[in-house]
Amino acid sequence: MPIKPLIILPDPILRQVSKPVERVDAPLRKLADDMLATMYDAPGIGLAAIQIGEPLRMLVIDLAKEDETPAPHVFINPEILESADQRSVYEEGCLSIPDYYAEVERPASVRVKYLDRDGKLQEMEAEGLMATCLQHEIDHLNGVLFIDHISKLKRDMVVKKFKKLAKDKAPGKLVG
């Protein structure tokens, strides 16, 4: 399973809304496997297809800890059907915004409809970290980043920092 390069802020593709998957087939399952390999290598607990430059409504999640057996989940065309009124706060990070973390408040539980890697319609009631992770990754599919859920001041500082880093790493930049 090849590791795919991660798309990093400020790349505008991260703001693109992903297209629904029309067919679950062998190439799509291969993409899911590649996404899982990329996520494990990073390391992370969730990855949306758009984060590797594929604007498809697919994401992968594995909340197993390092010493546990992997428990990968593949969500194709996920849709939040219901969100709890109760809220919870988790410190979130993102593979596309490396080394930045912030507390984000989201619904404490969600009910999600999706296709699994075999194309079968599924529903999941998720709470805690799984609910947070699903919402975070589904946000990616809608062109939303977790920093969109923090204050404008903090968000502007993060975006400015990553734009500067991207500019500093631009090809042809003289070092001296």
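In this text, all values refer to a predicted model and were calculated from it rather than measured experimentally. (Residues numbered from 1 in each chain as written. Predicted model: local features only at pLDDT ≥ 70, side-chain atom pairs only at ≥ 80, totals over all residues. Heavy atoms only, no water.)

A. How the structure looks around the nonpolar core. Grouped together as the largest cluster of nonpolar side chains are 31 residues, with contacts concentrated most on L9, L59, I97, Y100, L134, F146 and I147. Of all the secondary-structure elements, those providing two or more residues to this core are β2 (58-61), β5 (97-107), β6 (109-115), β7 (121-127), α2 (128-141) and α3 (152-168). The greatest single-element share of this core, amounting to six residues, is contributed by α2. Setting aside its immediate chain neighbours within four residues, L134 contacts L59, I61, F75, V112, M124 and A126. Of all hydrophobic cores here, the second largest spans 15 residues; its members include L28, L31, M35 and I76. (Core = buried A, V, L, I, M, F, W, Y, C linked by side-chain atoms within 4.5 Å. Buried < 20%, exposed > 50% of the residue type's maximum accessible area, 1.4 Å probe, protein only. Helix = DSSP H or I, 4+ residues; strand = E, 2+ residues; numbered from the N terminus. Contact = heavy atoms within 4.5 Å.)

B. Main features of the UniProt feature "binding site: Fe cation" (unreviewed entry) in the protein. Here the UniProt-annotated "binding site: Fe cation" (unreviewed entry) positions come out as C94, H136 and H140. Taking the farthest pair of C-alpha atoms as the criterion, the annotated set spanning 47 residues converges on one region, since that pair is 10.2 Å apart. Position of C94 relative to the elements: it lies in strand β4 (residues 87-94). Leave out the neighbours within four places in its chain, and C94 touches Q51, Y100, H136, H140 and F146. Along the chain, the position of H136 falls in helix α2. A relative accessible area of 6% places H136 in the buried class. Once residues lying within four places of it in the same chain are set aside, the contact partners of H136 are E92, G93, C94, R106 and F146. (UniProt positions renumbered as here; feature names shortened; annotations may be inferred.)

C. The environment of V104, seen in detail. Within the fold, V104 resides in strand β5. Along the backbone, V104 and I147 are 43 residues apart, and their C-alpha atoms lie at a distance of 8.4 Å. When sequence neighbours within four positions are dropped, the list of residues in contact with V104 reads S88, V89, Y90, E92, F146, H149 and I150.

D. Inspection of the state of the cysteines at higher detail. Taken as a whole and assessed by the stated rule, the structure comprises zero disulfides. The thiol of C94 is unpaired, and the distance to the nearest cysteine sulfur, on C133, comes to 10 Å. Residue classification places C133 among the buried positions, given a relative accessible area of 5%. (Disulfide = S-S within 2.5 Å.)

E. Broad picture of helix α1 (residues 26-41). In a regular helix each residue adds 1.5 Å, so 16 residues correspond to 22 Å; α1 covers 22 Å between its end C-alpha atoms and thus fits that length. Looking at the buried residues of α1, the elements they touch are β1 (46-48), β2 and β3 (73-83). (Expected span 1.5 Å × (residues − 1).)

F. Expanded view of the environment of E92. In this fold, E92 is placed in strand β4. Residues E92 and F146, 54 residues apart in the sequence, show an inter-C-alpha distance of 7.4 Å. When near neighbours in sequence (up to four residues on either side) are disregarded, E92 contacts Y100, Y101, A102, V104, R106, T132, H136 and F146.

G. Quick look at the sheet that holds β3. Judged by pairing direction, the sheet is antiparallel, and its five strands sit side by side in the order β1-β2-β3-β6-β7 without closing on themselves. Here the strands that pair on one side only, and so sit at the sheet edges, are β1 and β7. Taken pair by pair, the neighbouring strands of this sheet meet at an average axis angle of 40°, ignoring direction. As defined by bridge partners, β3 adjoins β6 across five bridges and the pair is classed as antiparallel. Bridged to E82 within β6 is R111. Sheet strands touched by α1: β1, β2 and β3. Its angle to β2, the strand with the most contacts, is close to 45°. (Pairing = 2+ DSSP bridges. Axes fitted to C-alpha atoms, helices over the stretch in contact; angles between N-to-C directions.)

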